[in-house]
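# Summary of the model geometry
One-letter residues, chain by chain:
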Amino acid sequence: MVANTVKTVASWSNSTWHNAAPRGRVRGMEYTNLGRSGLSVSRLCLGTMNFGPETSEADSHAIMDRAHEHGLNFFDTANVYGWKKGEGVTENIIGNWFAQGGTRRERTVVATKLYGSMGDWPNETKLSALNIRRAADASLKRLQTDYIDLYQMHHVDRDTPWDEIWEAFSVLRQQGKVIYFGSSNFAGWHIAQAAEAARTRGFLGLVSEQSIYNLMTRWVELEVLPAAKHYGLGVIPWSPLHGGLLGGVLRKQREGGTSRSASGRSADALEKHRDTIDAYEKLCADIGEDPANVGLAWLLHQEGVTAPIIGPRTIEQLDNSLRAAELKLDADVLAKLDELFPAPAPNGSKPAPEAYAW
């Protein structure tokens, strides 16, 4: 088993790292493998960060039920979500939903994260073996389950050696508490470090990377996506609409609606990129599609993307997002999007990582 795992990692870069080949459909939802793993997940991932702070527990449960009705089986959360230190508000909401039964847990691939501070004492944050053990047990208790499908490092920990991290993770896997491991907000170099450290232990290692990725933020294309391709990680984009700026913000303003993009840093970004966003919304109008769905669909057209994270606050927002999973953008539209939001290219138009060379 060890030899086979190592071979899989080593040979992945020579295989076809494509646009997440379909693995069947349920209620119209398409599924794909998470990276090089055999795990099947929906092409859209239900983000739960609003559960608690923005959405009541009852409404959160209704959204998760509706997600299952649509065939979404991939839910993402974190121990810090809810933003009340140490309480794990969002995980508790999900756990109470699982406790209602009806195969809710069995039909869900639940991904959670650790790293953020859950207390004011030492060893209640980051990725020491001690915190990994405590954080995993606490998440399991809040989620009211005996295993986590995908356990993700919310950030890289530069103070803890990879040998310690992978040893602690291997114990969790041996105990049956965690099945797969992933990263979030890692640079390409961090992915390489993690993968090579896992390889020396004969461990499966990372199967996914969760990064900010959208039309307005394409920096992951320089180093993170090439690293993910080489090591066989599925990419899970967060903030796929750049804080709502790609969700039709100008149209909503004209219609008198409100948007979280109307204040703070989002407002500053809107003013800086107003002309581009206006052109983007006009392009979406020309093809008769909602800007939010075009932004999500664009990500689904990018090589290696498994499932963008959608974070609905209401059932209506969830329902409206489903169009993105079936929307096919033609070559002309994709080219126009690249013109509006060009990929970062340090050395002309060469693709990464060769963009750094000549």
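Before going further, it helps to spend a moment on the pairing of strand β6 (residues 109–114). Counting buried positions over the six residues of β6 gives six, a clear majority of the element. Going residue by residue along β6, you find Val109, Ala111 and Lys113 tucked away on one face and Val110, Thr112 and Leu114 tucked away on the opposite face as well. Here strand β5 (residues 74–76) runs beside β6; their pairing, made up of three bridges, is parallel. The partner of Phe74 across the bridge, within β6, is Val109. Pairing of β6 with strand β7 (residues 148–153), which is carried by four bridges, proceeds in the parallel orientation. From the neighbouring strand, Ala111 faces β7, where its bridge partner is Leu150.

Right, let's talk about the nonpolar core for a bit. Residues Leu46, Leu72, Tyr151, Trp162, Trp166, Phe169 and Leu337 are the most contacted members of the largest nonpolar core, which totals 85 residues. Sort the elements by how many residues they give to this core and helix α11 (residues 291–300) lands first, with seven residues. Among residues more than four places away in sequence, those in contact with Tyr151 are Thr112, Lys113, Leu114, Ile132, Ala135, Ala136, Phe169, Leu172, Val178, Tyr180, Phe181 and Gly182. Leu34, Phe74, Leu150 and Ile309 belong to the second-largest nonpolar core, a separate cluster that totals 13 residues.

The next subject is the confidence of the model for the chain. The predicted structure's coordinates, where accompanied by low pLDDT, should not be read in detail. When pLDDT is averaged across the chain, the result is 91; 88% of the residues are at 70 or more. Per-element mean pLDDT across the chain ranges from 38 in helix α1 (residues 2–11) up to 99 in β7.

Moving on, we come to the packing of helix α4 (residues 129–143) against helix α5 (residues 162–174). In contact at an axis separation of 9 Å, α4 and α5 are set at 30° when each is read in the N-to-C sense. What the angle tells us is that α4 and α5 run roughly parallel. The two elements α4 and α5 meet at a crossing, and its hand is right-handed. From α4, Ala129, Ile132 and Ala136 reach across to α5, where they touch Glu164, Ile165, Ala168, Phe169 and Leu172. By residue class, the composition of the contact of α4 with α5 is seven nonpolar, no polar and one charged.

Pairing is antiparallel in the open sheet, where three strands are placed in the order β1-β2-β3. Since the sheet does not close on itself, it has two edges, and those belong to β1 (25–26) and β3 (40–42), each with one partner. Both strand β2 (residues 29–33) and β3 contribute to a ladder of three bridges, which runs antiparallel. For Asn33, the partnering residue across the bridge sits in β3 and is Ser40.

In this structure the tally under the stated criterion is 19 salt bridges. The salt bridge involving Arg66 is made with Asp319; its shortest N-O contact spans 2.7 Å. Pair noted here: Arg66 is in helix α2 (residues 57–69) and Asp319 is in helix α12 (residues 315–321), with a separation of 253 residues, a long-range link. What makes Arg66 partly exposed here is its relative accessible area of 24%. For the salt bridge of Arg323 with Glu289, the shortest nitrogen-to-oxygen distance reads 2.5 Å. In this pair, Arg323 sits in helix α13 (residues 323–326) while Glu289 sits in the loop between α10 (274–286) and α11, placing the two residues 34 residues apart along the sequence. What makes Arg323 partly exposed here is its relative accessible area of 31%. Judged by relative accessible area, Glu289 falls into the buried class, the value being 16%. Salt bridges sharing common partners tie together Arg66, Glu69 and Asp319.

Each value, and the rule that gives it
- Residues numbered from 1 in each chain as written.
- Predicted model: local features only at pLDDT ≥ 70, side-chain atom pairs only at ≥ 80, totals over all residues.
- Heavy atoms only, no water.
- Buried < 20%, exposed > 50% of the residue type's maximum accessible area, 1.4 Å probe, protein only.
- Helix = DSSP H or I, 4+ residues; strand = E, 2+ residues; numbered from the N terminus.
- Pairing = 2+ DSSP bridges.
- Core = buried A, V, L, I, M, F, W, Y, C linked by side-chain atoms within 4.5 Å.
- Contact = heavy atoms within 4.5 Å.
- pLDDT = per-residue confidence, 0-100.
- Axes fitted to C-alpha atoms, helices over the stretch in contact; angles between N-to-C directions.
- Parallel < 35°, antiparallel > 145°, perpendicular 65-115°, else oblique.
- Left-handed = near helix turned anticlockwise from the far one by under 90°.
- Nonpolar A, V, L, I, M, F, W, Y, C, P; charged D, E, K, R; others polar.
- Salt bridge = Lys/Arg side-chain N within 4 Å of Asp/Glu carboxyl O.

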